[in-house]
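What follows is the residue order along each chain.
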Amino acid sequence: MSDKEFTLEVLRRILLEGAGADEGVDLDGDILDTDFEELGYESLALLETAGRIEREYGIALDDDVFTDNPTPRGLIAAVNAQMRESLAA
Amino acid sequence: MSARTPRTVVTGIGVATPNGLGVDDFWAATRIGKNAIGRITRFDPSQYPATLAGEIQGFVAEDHLPNRLIPQTDRMTRLALVAADCAFEDAGVRPGDIPEFDMGVVTASTSGGFEFGQNELKKLWSQGSQYVSAYQSFAWFYAVNSGQISIRNGMRGPSGVVVSDQAGGLDAVAQARRQIRKGSKLIFSGGFDASICPWGWVAQLANGRLSTRTEPERAYLPFDADACGYVPGEGGALLILEDAEAARRRGARNVYGEISGYGATFDPKPGSGREPGLRRAIELALADADVAPGQIDVVFADAAGTPGLDREEAEAVTAVFGAGRVPVTAPKTMIGRLYSGAAPVDVVAAVLSMREGLIPPTTNVTLSPEYDIDLVTGQPRTASVRTALVLARGYGGFNSAVVVGAVD
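Predicted model, so just to flag it, every value in this text is computed and none were measured. (Residues numbered from 1 in each chain as written. Chains lettered and ligands numbered in written order. Predicted model: local features only at pLDDT ≥ 70, side-chain atom pairs only at ≥ 80, totals over all residues. Heavy atoms only, no water.)

**What about the overall build of chain A?**
Thought 1: Broken down by element type, chain A carries four helices and zero strands.
Thought 2: Listing each helix as α and each strand as β along chain A from the N terminus yields α-α-α-α.
Thought 3: A compact globule built from 89 residues would reach a C-alpha radius of gyration of about 12 Å, and chain A, at 12 Å, matches this within 12%.
Thought 4: Overall, chain A is about 40 × 20 × 20 Å in size when its C-alpha atoms are taken along their principal axes.
Thought 5: Looking at chain A as a whole, 46% of its 89 residues are labelled buried.
Thought 6: Accessible surface, chain A: about 4800 Å² in total, of which carbon and sulfur atoms supply 47%.
Thought 7: Charge centroids of chain A, computed over 7 positive and 22 negative side chains, lie 8 Å from each other. (Helix = DSSP H or I, 4+ residues; strand = E, 2+ residues; numbered from the N terminus. Rg over C-alpha atoms; globule rule 2.2 N^0.38 Å. Buried < 20%, exposed > 50% of the residue type's maximum accessible area, 1.4 Å probe, protein only. Areas by Shrake-Rupley, 256 points an atom, 1.4 Å probe, with all protein chains shown as cover. Lys, Arg positive; Asp, Glu negative; His and termini not counted. Charge placed at Lys NZ, Arg CZ, Asp CG, Glu CD.)

Okay, structure coming up:
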């Protein structure tokens, strides 16, 4: 359980730790609205990323969290919503 | 369709062994018999009965591979991917030069990615299943080297993996040749294994054949009266195989040799009293290459390093060639047995022997008077090598033989 906010900074770190980054992609750039697929992450990389987020924040994400939220902005919102939900529960 | 059977030639090499990274380093070390067996440094081996291995030192995957590939690859795959890059460069082919469905990858594997698997199993039992990497789904798998090479280089033609322990290194080359004959233009073949980690080590110890000696020069002594098992090593080689005609048309700068013959057999049931299958594998390979025993200039031996298996191999060679009639060598005495990587490395040594006219030595070994073979020991031997035979046996009864011929 964590009361931390899930931010773009954390997402960048988790992506790098779990799956690395494509040569042609600048994760430090403005990536909030770029699809994960465009950033070079295939489904397994996203599965690994979801697992790491779940571990770090003690939450459970929907299996289709990346299908519903294909960009960092959407994912960050979904993860933070999930955290609030599990805190309230 | 033309009636001719395409000839399969080696046009590019990527090699990584304990005594050399890259063709030039490998050959510079191998031609003079440079030993690379030592006490294991990748983990503390003191609590295990076997403590020696041939380790590759100084390989930093991050210097060669995209960052995206690091979290999803075992050491053996990293070595194989870098070797594949080197082989493409050596062949003067860029991945996009040939249509993607005309290029395939057929490698051999003995262990799969044990080190990666060990790390994930450790997380499973110490932290829980949610800590296991999603990449464990394929990173350990036998076929992963073929898959990763195929993905990285856009090779979507016939591909696969052969699992027959050390014999697999030759079986994969033979399967690649079949695909060339069926019309593929270019097939990557060979094998890589790298399981020098505690889990991999325990698995290897289970076969009861590992040398438990602690002196590197006295631990792996095939065909020696003092033979006492083998020392494992890590690494392997990848070969680019092409249709000879297609290679000629594109002006291939290196045509190292031709894969001209192949034979494979399986041993009879232990205790049956029937002859082991190696002799027949050799005869099948010679017949396939349409060469007589007298035309073979050197044999690269499997060199198991245990007395019973050494005897079987010496007897098979003597039965086919006659006592002392053909030079036999085992450069793997310098680096240990590399499992699926061993025979592809011997194929590389064979074509480089042809190029230089020099047979690399079997190191550390004094030939036992029990064997009637002409083992090249101590010093390399100058010789005109036009045709070479490479032998490989896999645990459980696999025997394979490949004839490699010079190309003018």
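Following the structure, the description resumes.
**Structural notes on the environment of A:Leu8**
Residue and element names in this part refer to chain A.
Thought 1: Within the secondary structure layout, Leu8 lies in helix H1 (residues 8–19).
Thought 2: Sequence spacing of Leu8 and Pro72 is 64 residues, and the spatial spacing of their C-alpha atoms is 7.3 Å.
Thought 3: Excluding residues within four positions of it along the chain, Leu8 makes contact with Ile31, Leu32, Pro72 and Ile76. (Contact = heavy atoms within 4.5 Å.)

**Regarding the interface of chain A and chain B**
Thought 1: Facing 15 residues of chain A, the contacting portion of chain B comprises 12 residues.
Thought 2: Summed over both partners, the interface of chain A with chain B buries about 1100 Å², with 50% contributed by carbon and sulfur atoms.
Thought 3: The largest contributions to the chain A side of the interface with chain B come from A:Leu44, A:Glu48 and A:Arg55, which together make up 47% of the buried area.
Thought 4: The interface formed by chain A and chain B holds one salt bridge in total.
Thought 5: A:Glu42 is the salt-bridge partner of B:Arg68, the closest N and O atoms lying 2.4 Å from each other.
Thought 6: On inspection of chain A and its partner chain B, the count reaches seven residue pairs in polar contact (both at pLDDT 80 or more).
Thought 7: For the side of chain A that touches chain B, the secondary structure elements donating two or more residues are H1 and helix H2 (43–57) of chain A. (Buried area = accessible area lost by both parts, 1.4 Å probe. Salt bridge = Lys/Arg side-chain N within 4 Å of Asp/Glu carboxyl O. Polar contact = N/O pair within 3.5 Å; in protein donor to acceptor, adjacent residues only side chain to side chain.)

**Comments concerning the packing of helix H9 (residues 278–289) of chain B against helix H10 (residues 307–321) of chain B**
All names here are of chain B.
Thought 1: Their axes nearest at 8 Å, the elements H9 and H10 cross at an angle of 40 degrees. By the angle class used here, H9 and H10 are oblique. Classified by chirality, the crossing of H10 by H9 is right-handed. Only Glu313, Ala316, Val317, Ala319, Val320 and Phe321 of H10 make contact with H9, whose side of the interface consists of Leu278, Arg279, Ile282, Glu283 and Leu286.
Thought 2: Class assignment of the residues belonging to the contact of H9 with H10 gives a composition of eight nonpolar, no polar and three charged. (Axes fitted to C-alpha atoms, helices over the stretch in contact; angles between N-to-C directions. Parallel < 35°, antiparallel > 145°, perpendicular 65-115°, else oblique. Left-handed = near helix turned anticlockwise from the far one by under 90°. Nonpolar A, V, L, I, M, F, W, Y, C, P; charged D, E, K, R; others polar.)

**Observations regarding the domain arrangement of chain B**
All names here are of chain B.
Thought 1: Split by domain assignment, chain B resolves into domain 1 (8–249) and domain 2 (262–405).
Thought 2: Its C-alpha centre places domain 1 at a distance of 21 Å from the equivalent point of domain 2.
Thought 3: With 60 residues of domain 1 in contact, the opposing surface of domain 2 contributes 59 residues.
Thought 4: If you sort the residues of domain 1 by the area they bury against domain 2, Gln166, Leu170 and Phe223 come out on top, with a joint share of 21%. (Domains from an automatic or database assignment.)

**A few points about the environment of B:Ile240**
Residue and element names in this part refer to chain B.
Thought 1: Checked against the element boundaries, Ile240 lands in strand E8 (residues 235–243).
Thought 2: Assessed through its relative accessible area of 0%, Ile240 is described here as buried.
Thought 3: As a C-alpha pair, Ile240 and Gly190 span 50 residues in sequence and 8.8 Å in three-dimensional space.
Thought 4: Not counting chain neighbours up to four residues away, the residues in contact with Ile240 comprise Val9, Val10, Thr11, Gly12, Ala87, Phe88, Ala91, Leu186, Ile187 and Phe188.

**Considerations on the confidence of the model for chain A**
Regions with low pLDDT carry predicted coordinates that are not meant to be interpreted in detail.
Thought 1: Looking at chain A as a whole, the pLDDT averages 92, with 97% of positions reaching at least 70.
Thought 2: Per-element mean pLDDT across chain A ranges from 93 in helix H4 (residues 72–88) of chain A up to 95 in H1(A). (pLDDT = per-residue confidence, 0-100.)

**Description of the pairing of strand E16 (residues 398–405) of chain B**
Residues and elements named next belong to chain B.
Thought 1: Across the eight residues that make up E16, a large majority, seven, are buried.
Thought 2: Alignment of strand E9 (residues 257–266) against E16, held across eight bridges, turns out to be antiparallel. What sits directly across from Ala264, in E16, is Ser400.
Thought 3: When strand E15 (residues 387–394) meets E16, the two strands line up antiparallel, connected through eight bridges. (Pairing = 2+ DSSP bridges.)

**Description of the pattern of salt bridges**
All names here are of chain B.
Thought 1: In this structure the tally under the stated criterion is 34 salt bridges over all chains.
Thought 2: Between Arg177 and Asp288 there is a salt bridge, with its nearest N and O atoms 2.6 Å apart. Here the residue Arg177 occupies a position in helix H6 (residues 168–181), and Asp288 occupies one in helix H9, the gap between them amounting to 111 residues.
Thought 3: On the basis of relative accessibility, which here comes to 6%, the residue Arg177 falls in the buried class.
Thought 4: Note that Lys332 is salt-bridged to Asp346, the shortest N-O span being 2.9 Å. Of the two residues, Lys332 sits in the loop between strand E11 (327–329) and helix H11 (342–356) while Asp346 sits in helix H11, which places them 14 residues apart along the sequence.
Thought 5: The class of Lys332 is buried, set by a relative accessible area of 4%.
Thought 6: Of the residues examined, Asp346 reaches a relative accessible area of 2% and is grouped as buried.

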